[in-house]
Amino acid sequence: MRIRTIALLLTVFGMLVVFNSAYAQNAPEASEKGKEVYENSCAHCHGVEGRGDGSAAENLLPKPRDFTRGLYKIRSTEAGQLPTDQDLFDIITEGMPGSSMPGWETALTANDRWEVVAYIKTFYDGFKENENPPKQITLEGKIPYSEQSVEIGKELYVELGCVECHGNVGRGDGTSAPTLTDSWGFQTWPANLTQGWNYRGGFDTEDIFKRFIGGIAGSPMPAFEGDSFLNFGLTAEESKRLIELENKDEMTEAEEEESGQFYEKMDTAVDIALSIKEGAEMSTTQMQTYNDAMKVVYEKSWHLANYVKSLMPEERPEPAIGNNVLRSQYVQGELPAFDDAAWETFEARYFPLVGQVVIEPRQFNPTIDGVHVKSFYNDTEVVFLFVWDDRTHTTGDETDETTQKPLEDALAVQFPVKVPQGPTAPKPYFLWGGRLPVYLWHWKASTPDQVTELTAKGINNAETQEAQGELQVQSAYTDGQYKLWVKRTLKTDDKKDLQLEPGVFVPIAFSVWDGSNADVDTKLTMTSWYTFTLEPVPSSRRFVYPPIIAILSVGLLFGLRAFVQRRNTEDV
Amino acid sequence: MKKLSLFTICLIILIGSWVFLEFVVGGIISVPIPNSVIAMYMGLIVIAILVHISVEDSQFREFLRPIHETLVDDRRRVHRRVLVVLIPLFLLGYTYSIIAQRANPPGSPRDAHPSPPLELTYKDEGIGTMQDVVNPFRHYEKDDPEAFKAHVENGRRVYHQNCFYCHGDHLDGQGHFAPYLQPLPANFQDPGIIPNFQESFFFWRIAKGGPGLPAAGTPWDSAMPIWEDHLTKDEIWDVILFLSEYTGYQFRTFGEAH
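Residues numbered from 1 in each chain as written. Chains lettered and ligands numbered in written order. Predicted model: local features only at pLDDT ≥ 70, side-chain atom pairs only at ≥ 80, totals over all residues.

## Some remarks on the overall build of chain A
Note the threshold: Under the DSSP-based scheme used, a helix requires at least four consecutive residues in state H or I and a strand at least two consecutive residues in state E, with every element numbered from the N terminus. Partly exposed residues are those whose C-beta has more than 12 but fewer than 20 other C-beta atoms within 10 Å; 20 or more makes a residue buried and 12 or fewer makes it exposed, with C-beta atoms placed from the backbone. We call two residues in contact when their backbone-placed C-beta atoms lie within 7 Å.
When helices and strands are counted, chain A shows 13 helices and 16 strands. Projecting the C-alpha coordinates of chain A onto the three principal axes gives extents of approximately 95 × 90 × 65 Å. Relative to its 572 residues, chain A shows a buried fraction of 40%. When contacts within chain A are restricted to residue pairs at least 6 apart in sequence, long-range pairs at least 24 apart make up 64% of them.

Following this line, the structure appears as structure tokens:
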């Protein structure tokens, strides 16, 4: 009886799995329903005809996908192949982080999403012409994450030229980063590899691996395939040896011959790869050569994927909301200097930024993700360290086309002049104040050792304070990251300054400009109000009262026992 | 099985009730219950237990028996020694955690339904009283469906060029800027939003934005822009038509529709 029940359950489960996978593979035939859902939910960005030119497209970057060219970024299929239906379904379901494409899991039923997949495919004839299903990337032979693999990947990162776009440590700040355009001619930025949460197709090692093998179609990111992969056809050791030979000023005759052999080997492999791409028939030995060469590519890709994975934190930093506020830590004596190791001990608070869309000119497409902030204070001073990623170091050498103002990177930290008393007291308007004034520290990349103090009653109504020089400043730009160190006394003589004291919760907000994203004036990236406090030194009472209470409780227990004992004797 | 003592039963009832309130009612069945409410229920349960055990003298002695035994009986020596260590340790840790607790910022109370002014204006131009103003294009819904559709489509355009960054593609308040804003942008798919307001109220909130909110009930940290600076009067009315058309919710009306 029991065995039969289990067998029945297993059969039902098995059928469900089979049914689900069969269902998951392919979209239904395109229908009126798909058109209806598409036009109601997708067309405003992707356009009624799928050209990526909906009414919202104008203000978006990255641009909504143009479906008419069959170029899809996030695929599980090999280079040059179309995505599977499941790929399209997954993107619609989960959305593309770091872009304006939301996930539709809750807004559309699974059925509707499949209908949309079918409809989207009608925009590109290639889907009809291709009778064979697209070739999927195999994930067999995955090299597990290990420090050793990360080391190999790190070398490959330089060797394969990833540095040129993605920068030395992966912040998307490579030398060619500002020059990149996509297949439609729109500007595009290389991914900041340290911000996994913005990867359009997910940041698991497998996801990263698929982007290498399949490429990111329509973007400058190449696929790792025969005709473009460095030293294709050589083993990892041979490839290293060749690079070594190529770097020599002069080669001996034997070395010339050695490298010649390598080139020959590579030529053969690349020729085969190109022929396979064109669909030519290959002999068994040729296929063997090709497969051996691709095996090397796959291995290198796994190592590289492990390295890229090592560059990012496990999760996106939590925004500093709720009780997760920025708490300046008390230290006795001297505050940490700009490059003091003490900063490492402070876990930064994260302030994610959004585009400023309230006042013209507006910024709809921010390029700065957020600001990390740390802070210490002592009896007389407070010091902050602001850290943010910016792909380019722009210092005002170029000017904005419309305003003719110099374009440069900058940051402003905003406080109210007077801290609101109590939870219902109004704060100044979050965008540089209004009726109630705000106090700002304004730093610009062109004057990196200087922070100007401003008082503002609105973003177009800011004035430089007469009394300057109360702030000590140091800053640096390294590998796509700004670090700004600002120190001030807790109290100042200036009535327009914020006065600080421990235990008070102070509103704090940020404005950031990215010169290379044409940020100027009110075109900026910002936060609304967050909270910061000088965390009071914990009371020493915490070492006094608890032991007293513990000792008292012991006394009480013994007293109680004595009492009961005495009563027992009396009873007897 | 050994019969449970009255003391153990009372203990089980107490702990069981707390687990039930905190995790079953306040987790599985419904949203978390405030601590003060739980404290009130627990108080009632304690009183009930006290009443129950003190009805008869024998009952009360039966209840106290395990306590007596633990305090003086030699067979309970091990229990006693464990408790005389555990109870003070618990109190030590508990008082420390209370004293060392750090202060948290005050919450930010907000009024979900700010009261609008009596007069509706666009920039400085008066439109009428909040109570009486209706959407000038609403009547097309019956009179001229084609014109109505054109207005809704224009509203759709306006929405996706201005609003969807925060309020989302699906009008659910989950645009790509939304997670970093406090308070969160309005969710028009919430059945408690559109049906509770007149179109004139929406016009006011859109036209005047966060800075136009009344002083009463502050702090208003809304990041909602002052849209009369960017949109025409007709565009605002069109986008309001789009909001109800897309979500399928009807705005509130008073009396007979005009």
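## Remarks on the overall build of chain B
Using the following cut-off: All radius of gyration figures rest on C-alpha atoms, and the globule criterion is 2.2 Å times the number of residues raised to 0.38.
What chain B contains, in helices and strands, is eight helices and two strands. Along the chain direction, N to C, the helices and strands of chain B fall in the order α-α-α-α-β-β-α-α-α-α. Its C-alpha atoms give chain B a radius of gyration of 30 Å, clearly above 18 Å, the size a compact globule of 258 residues would have. Put simply, chain B has 258 residues, and 26% of those count as buried. The long-range share in chain B, meaning contacts at least 24 apart out of those at least 6 apart in sequence, stands at 54%.

## Side note on unusual backbone geometry
Residue and element names in this part refer to chain A. Here the bond from L61 into P62 is cis, since omega is 0°, no more than 30 degrees from zero. Relative to the assigned elements, P62 resides in the loop between α3 (43-46) and α4 (85-94). Going from E360 to P361, the amide bond is cis rather than trans, its omega being -10°. For P361, the location among the structural elements is in the loop between β3 (354-355) and β4 (370-377). Of note in this structure, N231 is not a glycine but carries a positive phi near 50°. Phi is positive for Q404, close to 60°, though the residue is something other than glycine. When the 8 C-beta atoms within 10 Å are taken as the criterion, Q404 is described as exposed.

## Comments concerning the nonpolar core
Note the threshold: Defined on buried residues, the nonpolar core groups Ala, Val, Leu, Ile, Met, Phe, Trp, Tyr and Cys residues joined through C-beta atoms within 7 Å.
Among the nonpolar cores identified, the biggest contains 119 residues, and V117, L411, F510 and V512 of chain A together with F203 and I236 of chain B are the most heavily contacted of them. Ignoring anything within four residues of it in the chain, the contact list for I236 of chain B reads F203, I206, A207, W227 and L231 of chain B. Counting residues in hydrophobic clusters, the runner-up holds 35 residues, among them C162, C165, A305 and V308 of chain A.

## Things to note about the domain arrangement of chain B
Let me state the cut-off plainly: Start and end positions for the domains come from either an automated domain assignment or a database one.
We note that the domain assignment places domain 1 (6-100) and domain 2 (119-247) within chain B. In this structure, domain 1 of chain B and domain 2 of chain B have C-alpha centres spaced 54 Å apart.

## Description of the pairing of strand β12 (residues 472-478) of chain A
All names here are of chain A. Counted only if it meets this: A pair of strands is labelled paired if DSSP reports no fewer than 2 bridges between them.
Of the pairings in the sheet, the one linking β12 to strand β13 (residues 481-489) comprises seven bridges and is antiparallel in character. Across the sheet, the residue bridging to S475 is L484, located in β13. Two successive antiparallel strands, β12 and β13, enclose a turn made up of two residues, where D479 displays a positive phi of approximately 45°.

## Examining the environment of C162 of chain A
Along the chain, C162 of chain A turns up in the loop between α7 (147-159) and α8 (163-166). Sequence-wise, C162 of chain A and P222 of chain A are 60 residues apart; in three dimensions their C-alpha atoms are separated by 10 Å.

## Focus on the interface of chain A and chain B
Keep this limit in mind: Any residue that is not Ala, Val, Leu, Ile, Met, Phe, Trp, Tyr, Cys, Pro, Asp, Glu, Lys or Arg is counted as polar, Gly included; the first ten are nonpolar and the last four charged.
Contacts between the two partners involve 52 residues from chain A, matched on the other side by 42 residues from chain B. Residue assignment for the side of chain A that touches chain B shows that the elements contributing at least two residues are β3 and α13 (545-571) of chain A. Its residues assigned to classes, the side of chain A that touches chain B comprises 29 nonpolar, 18 polar and five charged.

## Examining helix α1 (residues 6-29) of chain B
Three or four residues apart is the spacing at which side chains of an α-helix point the same way, because the helix has 3.6 residues per turn. Note the following rule: Each helix should span, by expectation, one fewer than its residue count multiplied by 1.5 Å. To get the bend at any residue, fit one axis to the seven residues that end at it and another to the seven that begin at it, then take the angle between the two axes.
Taking 1.5 Å of rise per residue, the 24 residues of α1 of chain B would be expected to cover 34 Å, yet its terminal C-alpha atoms sit only 30 Å apart, more than 12% below that figure. Approximately 35° is the largest bend angle found in α1 of chain B, and it occurs at F20 of chain B.

## Some points on the packing of helix α7 (residues 199-208) of chain B against helix α8 (residues 233-247) of chain B
Residue and element names in this part refer to chain B. Stated formally: Lines fitted to C-alpha atoms define the axes, with helix axes restricted to the stretch in contact, and inter-axis angles between N-to-C directions lie between 0 and 180 degrees. An angle counts as roughly parallel when it lies under 35 degrees, as roughly antiparallel when it exceeds 145, as roughly perpendicular when it falls between 65 and 115, and as oblique in every other case. Helix crossings fall into two classes, left-handed where the near helix is turned counterclockwise from the far one by less than a right angle and right-handed where it is turned clockwise.
Close contact between α7 and α8 brings their axes to 10 Å; oriented N to C, the two are set at 125°. On the basis of their axis angle, the class for α7 and α8 is oblique. Here the hand of the crossing between α7 and α8 comes out right-handed. Residues E199, F202, F203, I206 and A207 of α7 lie in contact with α8, whose contacting residues are I236, W237 and I240. Tallied by class, residues from the contact of α7 with α8 come to seven nonpolar, no polar and one charged.

## Re the confidence of the model for chain A
Residues and elements named next belong to chain A. Inclusion rule: Per-residue confidence from the predictor is reported as pLDDT, which spans 0 to 100.
Looking at chain A, the pLDDT average stands at 91 and 95% of residues meet or exceed 70. Confidence, expressed as mean pLDDT per element, reaches its minimum in chain A at helix α1 (residues 2-25) with 54 and its maximum at strand β5 (residues 381-389) with 98. For residues 17-24, every residue scores under 50 in pLDDT, and the model assigns this stretch one contact once sequence neighbours within four places are set aside.

## Thoughts on α7 of chain B
All names here are of chain B. The element α7 is extensively covered by neighbouring structure, given that nine of its 10 residues are classed as buried. Regarding α7, the residues found buried are E199, S200, F201, F202, F203, W204, I206, A207 and K208. Buried residues along α7 sit against β1 (119-122) and α8. Just beyond α7, the residue with positive phi is G209, at close to 60°.

## A closer look at the confidence of the model for chain B
All names here are of chain B. Averaged over chain B, the pLDDT score is 89; the fraction of residues at 70 or greater is 95%. The spread of mean pLDDT over the elements of chain B runs between helix α3 (residues 57-72), the lowest at 87, and α8, the highest at 96. Interface confidence for the predicted complex, expressed as ipTM, amounts to 0.84; the pTM equals 0.85.

## Some points on the environment of E140 of chain A
Checked against the element boundaries, E140 of chain A lands in the loop between α6 (126-129) and α7. The spacing of E140 of chain A and H46 of chain A is 94 residues in sequence and 35 Å in space, taken between C-alpha atoms.

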